[in-house]
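One letter stands for each residue in the lines below.
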Amino acid sequence: MTTETPLELKQTINLPKTDFAQKANLGQTEPARLERWTEINLYQLIRERRAGAEKFVLHDGPPYANADIHLGTALNKILKDLVVKSRTMLGYDAPYVPGYDCHGLPIELHVERKLGAKKAGLPAATFRRICREHAAAALKRQTRDFQRLGILGLWENPYLTMSNQYEAETARLFGCFVERGYVYKGARPVYWCIHDQTALAEAEVEYKEHTSPSVYVKFPLSNDTVDGKAFKREVLGSEDDPRQIFFLIWTTTPWTLPANLGIAVNPNFEYAAIENGAEVYIVADELVGMVADKCGLNRPQVIARFPGSRFDRLEARHAWLERPSLLMLGEHVTLGGEADAETELDVKEAREKSATGKAGTGLVHTAPGHGHDDFVIGKQYGLEIYCPVDNAGRFTSEVEHFAGERVFDANPHIVDFMRERGVLVFSENYAHRYPHCWRCKNPVIFRATPQWFISLDAHTPEAPVEVDEDGRDRTNYTEDEEDAHTSLRELALAEIERVEWLPAWGVDRMRNMLKHRPDWCVSRQRFWGVPIPVFYCASCQFAVTDPTIINHVADIFATDSSDAWYAREAKDLLPAGFACPNCKGTEFTKETDILDVWFDSGSSSVAVLEHYPELRWPADVYLEGGDQYRGWFNSSLMVGLAAHNRAPYNTVITHGWVINVQGAKMSKSEGTGVAPLEVIKQSGAEILRLWVASSNYQEDVRASDEILQRVGDAYRKIRNTARFALGNLAGFDPTRDYVPQSELLEIDAWALAELDAVVERALAAYRAYEFHTVYHTLYNFCTVTLSARYFDIIKDRLYTAAPHAHARRSAQTALYEIADALARLLAPVLVFTADEIWENLPPLVAGNGDVPVGRVPSVHLADFPVVVGERDESLRARWAQVYEVRDEVLRALEAARVSKLIGSGLEARVEIIARDPVYSLLAQYGEELRYIFIVSQVGVMKTENADAPQVRVTVARADGQKCERCWNYSVRVGEFTRYPTVCERCIEALAEIEAEGETA
RNA sequence: CGGGGCAUAGCUCAAUUGGAUCGAGCGGCUGUUUUAUAAACAGCGAGCGCCGGAUCAGCGCGUGAUACAGGUUCGAGUCCUGUUGCCCCGACCA
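In this text, all values refer to a predicted model and were calculated from it rather than measured experimentally.

## Side note on the overall build of chain A
Within chain A, the regular secondary structure consists of 31 helices and 32 strands. With respect to the three principal axes, the spread of C-alpha positions in chain A is 125 × 75 × 55 Å. Burial statistics for chain A: of 1000 residues in total, 58% are counted as buried. Pairs at least 24 residues apart make up 78% of the contacts formed inside chain A by residues separated by at least 6 positions.

Spelled out as structure tokens, the structure:
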């Protein structure tokens, strides 16, 4: 018996103690931690630690190095980081090499705007240098922001599509396509300014009001073909009927009529044949009235009706030229009447307004060289991409009657001409929005120009392809038995079936796209990109497309960058002594087109995965937004097939778009956007990361202030849960105090069984890339299992038992396992907080052999917890029932509280009358029940009455006095002279504490 | 217009793949504790009647709900058809 004075009771309570702050202050602590990671070079440490482990390669789709990051970019990068970190902790060696897409039009446009008038006369090389600097600056800012998000990767050496090595590889890969015979030169309509004599990108045209002649023109049915005769018989009853059948078309660009090669109809529309004297016109049934009004036909008699599909491949004659015009089926044909307008915008506007009856006949004049839809359908039907208009917008000599005239000047002449010929049914002026050049403000035209294409359907070198004045070339095609006869499209369609798509509908979307996509036009009439490495013989115009030459050029790019294309003469880019294979000429000019930037980024799998030693081809995972089905997933697939006959990815994951609460698209201009950098500044990157993890990214993801508020609440709950565990581990030395499984108190064993189930669920979810399941599992575990139940119950034991007491060590053992597992499971999501938890776990000091000594310096170097399995499921089931009874008790306590019987639950004595299964369950726990229910006394009685409720709970005031130390009520308070205000339980604890001379 | 997707509580998500009356957490409201304290825990969630001045409790009745409308099925959030709304792609935004 000690003779010292009694202890201060408050000092004998083991209150939580930890450096793990309650308030996260993420805005400040995150950057500090990032700095520490940089100091120890955490990413490299992870690489070293995983060296030799099985590889897992996520290949980063390069964001465009133009603007600053927005919420969508953040979502994309955080998801990738979740994949990389979780695979790492699952034991893989999962390196992450980020990249940037550096070439392309948006940067050019940006630079042009900045330069303004100064751009004129600037050498291409200088212009490219400025573009390069702009991209470099943008990607630097992006890198800083990505790192701030807590994303670990090879930030000091990302891949850049504008690096020498990358540009060289891009050129070589173009050579691969050439070698396989997929590359050809064809024509394709682009916006063309006849004033500046240059191609324009869509972003470079402006739409303004413009008045065009609107004309209705009749194209006669060919009466001398078999099909034509049959059709005539169908309409008029006899092929000898003197009446002539005409297809009535409408257009606002009469100057494109000389290039007419076809007429498109919608296969799903009804068309009518109407009589006008000795002539019969075919127009869309719905538009008969409108057309008749306009064209001044009285009381048109409908003599027959057909679905549009009936006209497929019928032949009409050109309105005045000795040339056929082919009837074709196209879904782009609308009744709005504007589908044959020569601009995309007109078409779109018509669609949006779903305008009816403004103009049109439902039959669309088609000139494949002068319109986008025309081009697509023309290709489909094998029409020539015919464009008899030169750079200056003048008709070429082959155009009868109008050769040499500028197209806009020719318009009225053509109208007059048609009127004289009697092929014009009606004309009027038509005001609409029409594209104009953004620089010179003149109206632009659609004009087919020579372009390089990659064929989706070429099977062999001899496959028929389009030829233009430059001819085509198929050098050095190697007869590779296996795939020589397989087209890119076929290869691609077969390959995507082997790829795993998440979500699964991705394969449908991809298949659909591949089936219908046109040949890939890889030419861009621009400067900021990888030049198409092709030469033209100065004397015979022969196009040199030779993989050997291309590789020679690529070697130059590798050392001098593709700027060399602009800085050097053709002869300095060709091997010494190279002569034209066709005419032996030795003078060459360079191709001026550059490659489509999708070719750049599509090349990344080879250019990056085969370049960085830590990576490998193919990638395990691509993960991008759903817009990339047509973009990067597609171009990467093409390049993969050309290079290695295989898709460059095993799994493709897509995420949805970020939208606001109303489900509308995020828009900065409307103020509905959430700025990621703002969120980071105010709440921390963790909140953004937790938001990503909480959302089901396979659908569109919602973001708003309220949602982020909720996520912030959740963060604090998780943080406090961890803090409670850490605080109660003060003084716990795992190597000394750890209680073996078999000696744990039952509820502690239960908590660990629950933890194990959580670990199992979380790991399965991580493996399946279902991060929101991880989040909900962990969050639910924190709120319900731990905070509301386990922690609340064990508080009494942790605080009031003697520090060394077995019961306390038992709880601490569970807390230790929980905190450790939480840190690991949270690490991919809460990268900063998990590391902070990790640091605040009790130190592992001198070991006794059972527990490993020391801990890796960061949780990101650790593995996920291991699933024990073989859980005692009966334990979990039993406790589930106990908690059901507990809920009943809590309800009863609340009622007692409302009626002012009690305040704190410890002021209560609970009496339970239960029927059997429940009674015997409760009986097992006996004295424990008061701790489980957090009341001072519990009495359990059995009833045999089958009419009684299973459980009946009544509440009374607890007997005895409140113990000053543990606040439980006991009739024995006051019995103990040394500590007269304390209960029998505390007396024992105090005795132990005094004996050991220890406080918490 | 075409291709693809989505729609469950104010918010984030479940629902054993066609199984019974659709759930959890959060938020909200109302309280309790002051030993996780810038915290923790709990209860509550249409309405009507018994009910007569009001409140609480109890008991009883009973309604509704997976965007909307149909269909298949013994049975549908889940499968089919259509409609509406929103998103993505066809326009170089992830």
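## Focus on the pattern of salt bridges
Overall, the coordinates contain 69 salt bridges when judged by the stated rule. Measuring nitrogen to oxygen at the nearest pair gives 3.2 Å for the salt bridge that ties Arg871 to Glu873. Note that Arg957 is salt-bridged to Glu907, the shortest N-O span being 3.1 Å. Of the two residues, Arg957 sits in strand β30 (residues 951–957) while Glu907 sits in the loop between α28 (873–898) and β28 (908–914), which places them 50 residues apart along the sequence. Among the charged side chains, a salt-bridge network with shared partners connects Glu754, Asp756, Glu760, Arg871, Glu873 and Arg876.

## Observations regarding the packing of helix α24 (residues 746–767) against helix α26 (residues 806–826)
Axis separation between α24 and α26 bottoms out at 10 Å; the angle between their running directions is 10°. For the element pair α24 / α26, the angle class is roughly parallel. Note on element contacts: α26 touches α24 through Ala807, Ser810, Ala811, Ala814, Glu817, Ile818, Ala821 and Leu825, opposite Asp748, Ala751, Leu752, Leu755, Val758, Val759, Ala762, Leu763 and Tyr766. Of the residues that constitute the contact of α24 with α26, the class distribution is 14 nonpolar, one polar and two charged.

## Remarks on α24
Across its 22 residues, α24 extends 32 Å between first and last C-alpha, which sits within 8% of the 32 Å expected from 1.5 Å per residue. Counted residue by residue, α24 has 17 buried out of 22 residues, so it is predominantly covered. Downstream of α24 by a residue or two, Tyr769 has a phi angle that is positive, lying close to 60°.

## Comments concerning the packing of aromatic side chains
This model, assessed by the stated rule, comprises 49 aromatic pairs. Consider the rings of Phe633 and Tyr649, whose centres lie 6.5 Å apart with planes at 75°: the pair is edge-to-face. With Phe633 in helix α19 (residues 632–644) and Tyr649 in strand β25 (residues 649–655), the pair connects residues that are 16 residues apart, well separated along the chain. The class of Tyr649 is buried, set by a relative accessible area of 1%. Ring geometry for Trp879 versus Tyr925: centroids 5.3 Å apart, planes at 70°, classification edge-to-face. Here Tyr925 lies in helix α29 (residues 916–925) and Trp879 lies in helix α28, a separation of 46 residues in the sequence. The exposure classification of Trp879 matches that of Tyr925, with both residues buried.

## Things to note about the domain arrangement of chain A
In terms of domains, chain A is made up of domain 1 (9–19 + 700–871), domain 2 (180–193 + 449–479 + 500–604), domain 3 (204–446) and domain 4 (880–996). The C-alpha-based centres of domain 3 and domain 4 are spaced at 90 Å.

## Brief notes about the sheet that holds β30
With mixed pairing, three strands are arranged side by side in an open sheet as β29-β28-β30. Each of the sheet's edge strands pairs with one partner strand only, and the pair in question is β29 (937–942) and β30. Put simply, the sheet's adjacent strands are angled 20° from each other on average, direction ignored. As paired elements, β28 and β29 share six bridges and run parallel to each other. What sits directly across from Ala914, in β29, is Lys942. Contacts from α28 reach β28 and β30, with the element oriented near 40° to β30. Sheet strands in contact with α29 are β28, β29 and β30, and its direction is about 140° off that of β29.

## Describing unusual backbone geometry
Looking along the chain, the bond that leaves Leu502 and enters Pro503 is cis, with omega of -5°. Along the chain, the position of Pro503 falls in the loop between β17 (500–502) and α14 (506–516). Residue Pro618 follows Trp617 across a cis peptide bond; omega there is -5°. With respect to the helices and strands, the residue Pro618 is situated in the loop between α18 (604–609) and β24 (619–625). The phi angle at His401 is positive, at roughly 75°, despite the residue not being glycine. Examined against the element boundaries, His401 turns out to sit in the loop between α10 (372–380) and α11 (407–421). Accessibility expressed as a relative area gives 44% for His401, which makes it partly exposed. The phi dihedral of Gln541 is positive, around 65°, even though this residue is not glycine. Tracing the backbone through its elements, the reader meets Gln541 in the loop between β20 (535–537) and β21 (543–544). The exposure class assigned to Gln541 is partly exposed, which follows from its relative accessible area of 40%.

Cut-off values and rules
- Residues numbered from 1 in each chain as written.
- Chains lettered and ligands numbered in written order.
- Predicted model: local features only at pLDDT ≥ 70, side-chain atom pairs only at ≥ 80, totals over all residues.
- Heavy atoms only, no water.
- Helix = DSSP H or I, 4+ residues; strand = E, 2+ residues; numbered from the N terminus.
- Buried < 20%, exposed > 50% of the residue type's maximum accessible area, 1.4 Å probe, protein only.
- Contact = heavy atoms within 4.5 Å.
- Salt bridge = Lys/Arg side-chain N within 4 Å of Asp/Glu carboxyl O.
- Axes fitted to C-alpha atoms, helices over the stretch in contact; angles between N-to-C directions.
- Parallel < 35°, antiparallel > 145°, perpendicular 65-115°, else oblique.
- Nonpolar A, V, L, I, M, F, W, Y, C, P; charged D, E, K, R; others polar.
- Expected span 1.5 Å × (residues − 1).
- Phe/Tyr/Trp six-rings, centres within 6.5 Å; stacked < 30°, edge-to-face > 60°.
- Domains from an automatic or database assignment.
- Pairing = 2+ DSSP bridges.

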